[in-house]
Amino acid sequence: MNEVITKLYEMEETAGRILAEAQRYKEQLLEQREREKKAVERELERELERKLSKEQKRLDEEAAAEIRDLENHCQEQQKALEEACGGHMDALAEELFQKILGT
C-alpha cells in the first residue's frame, strides 16, 4: 500500500513538473508572439511613414507646379492688361491735357 502511495505521489510530482514546463513554454510562446507582433507593427509603421512621405512629396511637387502655372498665367494677364490699357492711357492723357489747355 505504501508503494502505491509513493507511486501516486511520484506521478503527481511528475504531472506538476509537466504542467509547470507547459506553462513556461506557453509563456515563452506568448513572449515570442508579442515580440513578433511588435516587429510587424514597427515594420508597418515604417512602411506607412515611407508611403506618407512619398505622397507628401508628390503633393508638394504638384502644388508647386500649380503655383508656377498660376504665376505664369497672372503675368500673362498682367502683360495683356498693360498692353490693352497702355494705348488707351496715352489717348486719355492726351485728351485730359487738351481739356486742361482748353483746346
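Residues numbered from 1 in each chain as written. Predicted model: local features only at pLDDT ≥ 70, side-chain atom pairs only at ≥ 80, totals over all residues. Heavy atoms only, no water.

Enquirer: How do you make sense of the overall build of the protein chain when you look at a structure like this?
Expert: What the protein chain contains, in helices and strands, is one helix and zero strands. For the protein chain, the C-alpha radius of gyration of 43 Å lies well beyond 13 Å, the compact-globule estimate for 103 residues. Burial statistics for the protein chain: of 103 residues in total, 0% are counted as buried. A total of about 10000 Å² of accessible surface is found on the protein chain, and carbon and sulfur atoms cover 58% of it. In the protein chain, which carries 18 positive and 27 negative side-chain charges, the distance between the mean positions of the two groups comes to 9 Å. (Helix = DSSP H or I, 4+ residues; strand = E, 2+ residues; numbered from the N terminus. Rg over C-alpha atoms; globule rule 2.2 N^0.38 Å. Buried < 20%, exposed > 50% of the residue type's maximum accessible area, 1.4 Å probe, protein only. Areas by Shrake-Rupley, 256 points an atom, 1.4 Å probe, with all protein chains shown as cover. Lys, Arg positive; Asp, Glu negative; His and termini not counted. Charge placed at Lys NZ, Arg CZ, Asp CG, Glu CD.)

Enquirer: Would you mind showing me how to read the pattern of salt bridges here?
Expert: Where charged atoms from two side chains of opposite charge approach closely, those side chains can pair. Following the criterion strictly, the structure yields seven salt bridges and no others. The partner of Glu-47 in a salt bridge is Arg-50, with the nearest N and O atoms 2.5 Å apart. With Glu-47 and Arg-50 both in helix α1 (residues 2-101) and three residues apart, the pair spans about one turn of that helix. (Salt bridge = Lys/Arg side-chain N within 4 Å of Asp/Glu carboxyl O.)

Enquirer: Would you take a moment to explain a positive patch on the surface for this structure?
Expert: Residues Arg-33, Lys-37, Lys-38 and Arg-42 make up a contiguous surface patch of positive charge. Of note, Arg-42 is situated in helix α1. Here Arg-42 falls in the partly exposed class, since its relative accessible area comes to 45%. (Patch = residues over 30% accessible without salt bridge, like charges linked within 9 Å, V, L, I, M, F, W, Y side chains within 5 Å.)

Enquirer: Help me out: how do you make sense of a nonpolar patch on the surface in this one?
Expert: The grouping of Val-4, Leu-8 and Met-11 at the surface amounts to a nonpolar patch, some 310 Å² of accessible area in total. Judged by its relative accessible area of 55%, Met-11 falls in the exposed class.

Enquirer: For this particular structure, what's the right way to read a negative patch on the surface?
Expert: A cluster of acidic residues, Glu-34, Glu-41, Glu-45 and Glu-49, forms a negative patch on the protein surface. Locating Glu-34 in the fold gives a position in helix α1.

Enquirer: I tried to follow the environment of Lys-7 on my own but got confused; where do I start?
Expert: Tracing the backbone shows Lys-7 in helix α1. Remark: the alpha-carbon pair of Lys-7 and Lys-51, spanning 44 residues in sequence, is separated by 65 Å.

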